[in-house]
Amino acid sequence: MTTSTPPPMTFGNEQVPVVAVSTVVVGTGSAGYCAADRLWELGHDDIVMVADKVRAGASRNAGSDKQTYYKLTLSGSEPDSVREMAETLFSGGAMDGDNALAEAALSARGFIRLCDLGVPFPQNRYGEFVGYKTDHDPRQRATSVGPYTSRTMVEQLEKKVRRNGTQVLDECRVVDIVVHPDGHGGSRVAGLLVLRTNISSGSSESPFLFFRCQNIVYATGGPAGIYAKRVFPNGQWGASGAALRAGVIGKNLTEWQFGLGSIKPRWNVSGTYMQAIPRFVSTDAEGNDEREFLTEAIEDYGRLISLVFLKGYQWPFDARKAADGSSLIDLLVYQETALRGRRVFLDFRSNPVRTSFDHAELQPEAHEYLNRAGALFGTPIERLRHMNEPAYRFYLDRNPYIDLEKQMLEVDVCAQHNNGGLTVDAWWQSNVRGFFPVGEAAGSHGVYRPGGAALNSGQVGATRAAQFIAASDATPAHSEKEFIEAGTPILRAALDLLASATNRAEQGTPDNTGEMLSRVQELMSEKAGPVRSRHSILEALQQVSLWADEYSEVVSADRESRRSINRTFLVRDILTTAHVYLSAMADYIAHDGKSRGSVIYSDPSGSLPRRGYGSEPGKELALPDIFKFSLDNGALDDEVQETTLTSPLPLQALETSGTTTDRGAKPLPSKVEFNWRRRRPIPQDDEFFENVWRDFRANGNIY
């Protein structure tokens, strides 16, 4: 295969270059590179990788003070097993058991592979990979290489893929997935349309590029772009909208993980940042009127500093810990920023509440930890630097530069990970044949997950997808004529949208793509973040539906700006995603869904967070009614919510729907459908060796 000058094909009246290839891997994070490498190792080398920006994305640019990788225990005398790890993952609720078992079974294989590629996971002198306990982890399965575990993974996997000779095409924005009927009442992949953002408007080349393929491994990351308040790095947008338009089912889309993160730069303030026990202060919008605010709700000094400490390894906002635990901190920060319009900062220069650090009032768990760390002294910055000097130096090397010795760090409650996503089976294939979501794009997690499970899941999903693809028939399932018939309406709709947007700008309407992007992100953070209500979700859904409905009629893009042209399709994708995700949230509430995971749903009949100590521990705090909630308590743990656009690929309906605006079709369907099903149990397969061996010789046990 060559992609330097791919030959064009004619779609209607337009000629567009087409790359013919067996498998396209979309995304150059740790899951995408893993999939490409596994495919190559399995002899399936007719592949190409594409990315919006190769060096963007969460895998390469996100992390924490000690970014965790979760895997089977590989040290010590503590008992562990594949089955037990699968049960740990499964216990998170709403997770399918076959995914849980696969993630446990392949965790050691994926981890050792990374070690062999050069990821320096620490081991003792005898070769044991010693671990530590992370959140939602009954063992000590966690490990880390420091703040940039996922970046190190990407760098080593990328080196391997480049040694393999796999071609990687940069600056390709996903426009739409091309599908066609599979002959069995469903659909299967036929190709992919991308916008080449490096092609200028004056070029004779088409800015569009088709891939004609049998398989797509979709490693695009989570749809981070729908939120304004997020710790996802700039450049991590996701491309879930294109998959949803192609008829791929969404799974548990309501389930996001939120937590405290710095705003500039974006980074999780977990681990040592909290265990150093900084002072929480808020100011007005201009940075004046500084005050400590945690004391409004947490009057006891020992309890306050202990809860701040616990945020270190109870970092994700957890509805179960919001009533009287460490997640009360998140709610109080949310109250300052989202409800009062103030700004919140961590101040490492001074101790909270009192001038001196009175460690004797710490609760036993916190006191024991800091005592063992030799950190029962001084100011927060002194404790931070004593326990984790790299955590301090991290902000010195960022843009903007922040010296925690001299400056406060602005924080908020931010979106950090989408536990839901696109549906996958036991081989990470979606309901659309040949389409394999992996990494955060895949909805393989439960409501809760152990810290670091996402990195393992990305490696496992990529491996499973590669195994299935390599074992499948490589004969194209569609003819050239069928591909052209399927691709033509997609291309025409994209051209029409681009023409109407650029014509509008040339007629004097200012470029508004940046403004439209910001307003949907701000709406989602305001109405559909860690605190939601029926009213806020329906209000946001109504607004996003309106914006989507009018999008092709109002979007204006500067023809000379490649960034603006790129955003024309990015905003469309984010509107699609926000529309479907909000619809799922509304359905969850209608299904009598209560607070769980990293979200509380306001409930007038629920309870406010409690005092949690002293003579009246059950006394409710004087907080806004929006913080009244009722816990799910596992009521829906055995159910999975599936969400589907009822009109897959609505842009293909251009010629028959009669609904056109400025020669373009409206970018969203008007209806979303839902299905609640029982989650798949953990499989109880035959473990008798002779039987497994016989089947393995026949088909590798890939079916």
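Residues numbered from 1 in each chain as written. Predicted model: local features only at pLDDT ≥ 70, side-chain atom pairs only at ≥ 80, totals over all residues. Heavy atoms only, no water.

### So, the overall build of the protein
A count of helical and extended segments in the protein gives 20 helices and 24 strands. Its C-alpha atoms give the protein a radius of gyration of 25 Å, near enough to 27 Å, the size a compact globule of 703 residues would have. Each principal axis of the C-alpha atoms in the protein carries an extent, and together these give about 75 × 70 × 45 Å. Taking all 703 residues of the protein together, 61% fall into the buried category. Considering only contacts in the protein between residues 6 or more positions apart, those separated by 24 or more positions represent 75%. Total accessible area on the protein stands at roughly 26800 Å², and carbon and sulfur atoms take up 47% of it. The averaged location of the 88 negative side-chain charges in the protein is 2 Å from the averaged location of its 75 positive side-chain charges. (Helix = DSSP H or I, 4+ residues; strand = E, 2+ residues; numbered from the N terminus. Rg over C-alpha atoms; globule rule 2.2 N^0.38 Å. Buried < 20%, exposed > 50% of the residue type's maximum accessible area, 1.4 Å probe, protein only. Contact = heavy atoms within 4.5 Å. Areas by Shrake-Rupley, 256 points an atom, 1.4 Å probe, with all protein chains shown as cover. Lys, Arg positive; Asp, Glu negative; His and termini not counted. Charge placed at Lys NZ, Arg CZ, Asp CG, Glu CD.)

### Description of the sheet that holds strand E16 (residues 291–292)
What the six strands build is an open sheet, ordered E14-E13-E18-E17-E15-E16; its pairing is antiparallel. Each edge of the open sheet is held by one strand with a lone partner, namely strand E14 (267–268) and E16. (Pairing = 2+ DSSP bridges.)

### Things to note about the sheet that holds strand E8 (residues 172–181)
Here five strands make up an open sheet; going across it, the order is E1-E2-E10-E9-E8 and the pairing mixed. The sheet terminates laterally at strand E1 (8–11) and E8, the two strands that pair on one side only. Strand-to-strand twist of the sheet, defined as the mean angle between neighbouring strand axes without regard to direction, takes the value 35°. The sheet contact formed by strand E2 (residues 14–20) and strand E10 (residues 208–212) spans three bridges and is parallel. Note on E10: the bridge partner recorded for Val19 is Phe211. Packing of helix H15 (residues 480–506) onto the sheet brings it into contact with E1, E2, E8, strand E9 (187–196) and E10, and relative to E10 it is tilted by some 155°. Along the sheet face, helix H18 (residues 562–590) touches E8, E9 and E10 and points at about 50° away from the line of E8. (Axes fitted to C-alpha atoms, helices over the stretch in contact; angles between N-to-C directions.)

### Here's the deal with the packing of helix H1 (residues 30–41) against helix H5 (residues 107–117)
Their axes nearest at 13 Å, the elements H1 and H5 cross at an angle of 90°. Considering the angle they form, H1 stands roughly perpendicular to H5. Counted together, Asp37, Arg38 and Glu41 of H1 and Arg109, Gly110 and Arg113 of H5 form the full contact between these two elements. (Parallel < 35°, antiparallel > 145°, perpendicular 65-115°, else oblique.)

### What to know about the nonpolar core
Counting residues in each nonpolar core, the largest one holds 152 residues, and the members touching the most others are Tyr218 and Phe280. Ranked by residues supplied to this core, first place goes to H18 with 14 residues. Apart from the residues within four sequence positions on either side, Phe280 is in contact with Leu260, Met274, Arg291, Glu292, Phe293, Leu294, Val308, Ile329, Val333, Val344, Phe345 and Leu346. Counting 42 residues, the second-largest nonpolar core is a separate cluster that includes Tyr33, Ala102, Leu114 and Phe468. (Core = buried A, V, L, I, M, F, W, Y, C linked by side-chain atoms within 4.5 Å.)

### What about the packing of H1 against helix H6 (residues 149–164)?
Two elements in contact, H1 and H6, have axes whose closest approach is 9 Å; the angle formed by their N-to-C orientations is 35°. Considering the relative orientation of H1 and H6, their crossing is left-handed. Along the contact surface, H1 presents Ser30, Tyr33, Cys34, Ala36, Asp37, Trp40 and Glu41, while H6 presents Met153, Val154, Leu157, Glu158, Lys160, Val161, Arg162 and Asn164. Tallied by class, residues from the contact of H1 with H6 come to eight nonpolar, two polar and five charged. (Left-handed = near helix turned anticlockwise from the far one by under 90°. Nonpolar A, V, L, I, M, F, W, Y, C, P; charged D, E, K, R; others polar.)

### Some points on H5
Turning to H5, its buried residues number three or more, namely Ser107, Gly110, Phe111, Leu114, Cys115 and Leu117. The buried residues of H5 occupy an angular sector of 165° when projected down its axis, which confines them to one face. Downstream of H5 by a residue or two, Gly118 has a phi angle that is positive, lying close to 115°. (Arc of directions from axis to C-beta.)

### Thoughts on the pairing of E10
Counting buried positions along E10 gives five out of five residues, so the element sits mostly inside the fold. Residue alternation in E10 divides its side chains into two sets, Phe208, Phe210 and Arg212 and Leu209 and Phe211, and both sets are buried. Two elements, E9 and E10, share five bridges in a ladder whose sense is antiparallel. Bridge pairing links Leu192 to Phe211 in E10.

### Examining the pattern of salt bridges
Applying the stated criterion to the full structure yields 53 salt bridges. Arg679 is the partner of Asp638 in a salt bridge, and the nearest nitrogen-oxygen pair spans 3.0 Å. Within this pair, whereas Asp638 is found in the loop between strand E22 (600–607) and strand E23 (639–645), its partner Arg679 is found in the loop between strand E24 (672–678) and helix H20 (689–699), the two being separated by 41 residues in sequence. Shared partners join several salt bridges into a network, and the residues in it are Asp96, Asp98, Lys251, Glu642, Arg677 and Arg680. (Salt bridge = Lys/Arg side-chain N within 4 Å of Asp/Glu carboxyl O.)

### A closer look at the confidence of the model for the protein
The predicted model of the protein averages 94 in pLDDT, with 96% of residues at 70 or higher. Every residue in residues 648–669 scores below 50 in pLDDT, and together they form 61 contacts with partners more than four places removed in sequence or on other chains. (pLDDT = per-residue confidence, 0-100.)

### A short note on unusual backbone geometry
The amide bond that connects Lys264 to the next residue, Pro265, takes the cis arrangement and shows omega of 0°. By the element assignment, Pro265 lies in the loop between strand E13 (256–262) and E14. Looking along the chain, the bond that leaves Asn399 and enters Pro400 is cis, with omega of 10°. Mapped onto the fold, Pro400 is located in the loop between helix H13 (389–396) and strand E18 (409–418). Even without a glycine there, the phi angle at Glu171 is positive, about 55°.

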